[in-house]
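What follows is the residue order along each chain.
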Amino acid sequence: MAQATFHFPRGFLWGTATAAYQVEGNNIHSSWWAWEQKPGHILNGDKSGLACDWWGGRWREDLDRAAEAGQNAHRFSVEWGRIQPEPDRWDEDALDRYRQILRGLVERGMTPMVTLHHFTEPSWVAEKGGWEDEAILAHFEKYVNKVVEALKDYVSLWVTLNEPNVYAANGYVTGDFPPGKHDLGTAFRVMVNLGRGHAAAYHAIHKLQAHARVGMAVMYRGFSPAKPWFPLDSLAASQLSRVFNDFFPRLAADGVARLPFSSQRIPEAKGTQDYFGVNYYTCERVAFSLDSSQAFARRNLPADAQLSHTNWIANVPEGMFAALKWALQFKVPIIITENGVDDPDDRLRPRYLAEHLHQVWRAVNFNWPVKGYFHWTLVDNFEWERGWTQRFGLWELDPETQVRRKRPSADLYAEICHENGISSEMVARYAPEIFEKMFPN
Ligand code: GAL
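A short tour of the structure in this document, coming up. Please read these numbers as outputs of a predicted model, since none were measured by experiment.

On to the site of the ligand. Around the ligand sit 13 residues in total, of which Gln22, His118, Asn162, Glu163 and Glu383 are the nearest. Contact distances for the ligand include 2.6 Å between an oxygen atom and a side-chain N or O atom of glutamate 163. Glutamate 383 places a polar side-chain atom, nitrogen or oxygen, 2.6 Å from an oxygen atom of the ligand. For the ligand, the protein covers 95% of the area, taking 300 Å² as the surface of the free molecule.

Here it is as structure tokens:
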């Protein structure tokens, strides 16, 4: 049997990623809370409810789990609606609670990475039109200033926006997220405003904290034509990639917002990524479609790949390598800010984890500047419009009883974090089915 260990560079960040709305519970002042109450919005009529009860204090036990499992970093987000429940009211207790969590991370020897906007905003912001209206920019900048001033003693690694591309696509094209619209023109306006919001946040943070490292987390999807010989499929795939994958990082690199039929200069956005956050889950095949409500593209998971429990994610590890190669063009350090799979029985996750990390290791071996990996996620949480039907946690959660149970992948990931590498021996124990592929004799 071949024996080897794929080592990662010293100081590599190993963590998990979470988001406030998905783990805290009772985020009653956020746009998603009202959205959840309307029938048809969330699968099964699920509710976020207590979520993982982090606001009730269970962040302590979960961060203990993460620290004991060798994780040296954690990515989480702060909830705008909690911090500013009304336009003229700041909740200092909420900020204090976030300071406690940050102290908790530091005490556990973990580097915090804080996201300022992860899909949600206060209801009062949503009622004023959210990111559709450029008036949000001033509100967002004020909020960012307030948070950074309050938390900057503990954190210097910031994510301004999580997946602004998914936010715009789901809220304004597919309609799966609030406000549930199907309107490409509005989606494009929202994207431009999000880009401007990112730029404003970038400069605001640097003004308060010169040594901050600021970026955004963009979801990368590998899009390839369903029929490679059919020009319209190729066109649909490349257009989608240009708008969905490229829009935000290119804007942050050179200050140009490129949309299908227009482009616009946003000079203050130029050079606003100190590192690049990549969220990678899966790849898709794209066929041209006449349906404008789906941006002229019909998307399917590759038929030959292994699929996750809810057929949501296809296991395409090479897509991780492609994502990193794509990210490289922006010439800043790269952090994998999310990667994971919905898998309640932990049937696919050990393999998914090992194979994706193998691809990350390949990238690192080309000396590509990949600085860390955050697995999505620590404990099962509220998965947006999919409610509780998807289980991404290294730990299983029963949201009713709040009981946690470790999945085997948690042990595999712990061994990887402790070793700062992944060995043939680990793969033989946790994912023997891929041993030959990963360690050919
Ligand atoms: C990402 C999102 C996370 C999480 C994950 C798994 O798009 O940033 O909040 O929900 O997908 O569904």
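Core analysis: the largest hydrophobic core is formed by 156 residues, its most contacted members being Val78, Trp158 and Val360. With 11 residues, helix 9 (residues 184-208) is the single largest residue contributor to this core. Look past the residues within four positions of valine 360 in its chain and what remains in contact with it is Phe8, Phe12, Met320, Leu324, Ile336 and Val370.

Of all 13 residues in strand 6 (residues 213-225), 10 are buried; the element is thus mostly enclosed. For strand 5 (residues 157-162) and strand 6, the ladder comprises four bridges, and the chain directions are parallel. Bridging from a neighbouring strand, tryptophan 158 pairs with valine 214 of strand 6.

A separate point is the packing of helix 5 (residues 92-107) against helix 7 (residues 136-151). Between two packed helices, what matters for the description is the angle formed by their axes and the separation of those axes. With their axes 10 Å apart at the nearest point, helix 5 and helix 7 run at an angle of 45° to one another. Taken together, the axes of helix 5 and helix 7 lie oblique to each other. The chirality of how helix 5 crosses helix 7 is right-handed. Contact residues: Glu92, Leu95, Tyr98, Arg99 and Leu102 in helix 5; Lys146, Val147, Ala150 and Leu151 in helix 7. Residue composition of the contact of helix 5 with helix 7, grouped by class: six nonpolar, no polar and three charged.

This part takes up the environment of phenylalanine 223. Residue placement: phenylalanine 223 occurs in strand 6. Owing to a relative accessible area of 14%, phenylalanine 223 belongs among the buried residues under this scheme. Taking the C-alpha atoms as reference points, phenylalanine 223 and alanine 187, 36 residues apart in sequence, are found 20 Å from one another. Among residues more than four places away in sequence, those in contact with phenylalanine 223 are Ala237, Leu240, Ser241, Phe244, Asn245, Glu284, Val286 and Arg299.

On to the packing of aromatic side chains. Each aromatic ring pair is specified by the distance between its two centres and by the angle formed by the two planes. If you walk through the whole model with that rule in mind, you get 35 aromatic pairs. When the centroid spacing of 5.2 Å and the interplanar angle of 70° are considered together, the rings of tryptophan 131 and phenylalanine 140 count as edge-to-face. You'll find tryptophan 131 and phenylalanine 140 in the same group, each marked buried. Each member of the aromatic cluster is reached from another via a ring pair, and the members are Tyr21, Trp32, Phe119, Phe177, Phe382, Trp384 and Trp388. Above the face of the tryptophan 55 ring, arginine 82 is positioned so that its terminal group lies 3.9 Å from the ring centre. Here the basic side chain of arginine 362 rests over the ring of phenylalanine 321, its NZ or CZ set 3.9 Å away from the ring centre.

For the rest of this paragraph, the subject is unusual backbone geometry. Geometrically, the link from proline 178 to proline 179 is a cis peptide bond, its omega value of 5° lying close to zero. Secondary-structure assignment places proline 179 in the loop between helix 8 (164-172) and helix 9. Tryptophan 376 connects to threonine 377 through a cis peptide bond whose omega is 10°. Inspection of the secondary structure assignment puts threonine 377 in the loop between strand 12 (370-375) and strand 13 (395-398). For phenylalanine 119, which is not glycine, the phi torsion reads 75° and is therefore positive. Counting through the fold element by element, phenylalanine 119 comes out in the loop between strand 4 (111-117) and helix 6 (123-127). With a phi angle near 40°, glutamate 163 is a residue other than glycine that sits in the positive phi range. By the secondary structure assignment, glutamate 163 is in the loop between strand 5 and helix 8.

The rules behind the values
Each chain has its residues counted from 1, running along the sequence as written. Residue-level local features of this predicted model are given only where pLDDT is at least 70; pairs of side-chain atoms are given and counted only at 80 or more, and the full residue set underlies all totals for whole chains, interfaces and linings. Remark: hydrogens and water are excluded; side-chain values derive from all non-hydrogen atoms of the structure. Distances are taken per atom, and a residue is near a molecule or strand as soon as one of its heavy atoms is within 4 Å of it. Contacts described as polar in this section are N or O atom pairs within 3.5 Å, which, within protein, must combine one atom able to donate a hydrogen with one able to accept it, while residues neighboring in sequence count only if both atoms come from side chains. Accessible areas in this description were obtained via Shrake-Rupley with a 1.4 Å probe; residue shielding takes into account the shown protein chains only. For the purposes of this section, nonpolar cores are sets of buried Ala, Val, Leu, Ile, Met, Phe, Trp, Tyr and Cys residues that join through side-chain atoms within 4.5 Å. Each residue's exposure class comes from its accessible area (1.4 Å probe, protein chains only) as a fraction of the maximum for that residue type: buried when under 20%, exposed when over 50%, partly exposed otherwise. The way it works is that DSSP assigns letters per residue, a run of H or I at least four long becomes a helix, a run of E at least two long becomes a strand, and they are numbered from the N terminus. Any pair of residues with heavy atoms lying within 4.5 Å of one another is described as a contacting pair. By the convention used here, strands pair only if DSSP detects at least 2 bridges between them. Axis geometry follows a simple rule: fit a line to the C-alpha atoms, using only the stretch in contact for helices, then measure angles between N-to-C directions, giving values from 0 to 180 degrees. Working definition: roughly parallel below 35 degrees, roughly antiparallel above 145 degrees, roughly perpendicular at 65 to 115 degrees, and oblique for all remaining angles. Each crossing gets its hand from how the near helix is turned against the far one by less than a right angle, where anticlockwise is left-handed and clockwise is right-handed. Gly falls in the polar group here, along with every residue not listed as nonpolar (Ala, Val, Leu, Ile, Met, Phe, Trp, Tyr, Cys, Pro) or charged (Asp, Glu, Lys, Arg). Here the aromatic set is Phe, Tyr and Trp, taking the six-membered ring for Trp, and pairing holds for ring centres within 6.5 Å; pairs whose planes are under 30 degrees apart are stacked, those over 60 apart are edge-to-face, and all others are tilted. Only when the NZ of Lys or the CZ of Arg is both within 6 Å of the ring centre and within 35 degrees of the ring normal is a charge said to sit over the ring.

Worth remembering: the numbers are spatial, not functional.
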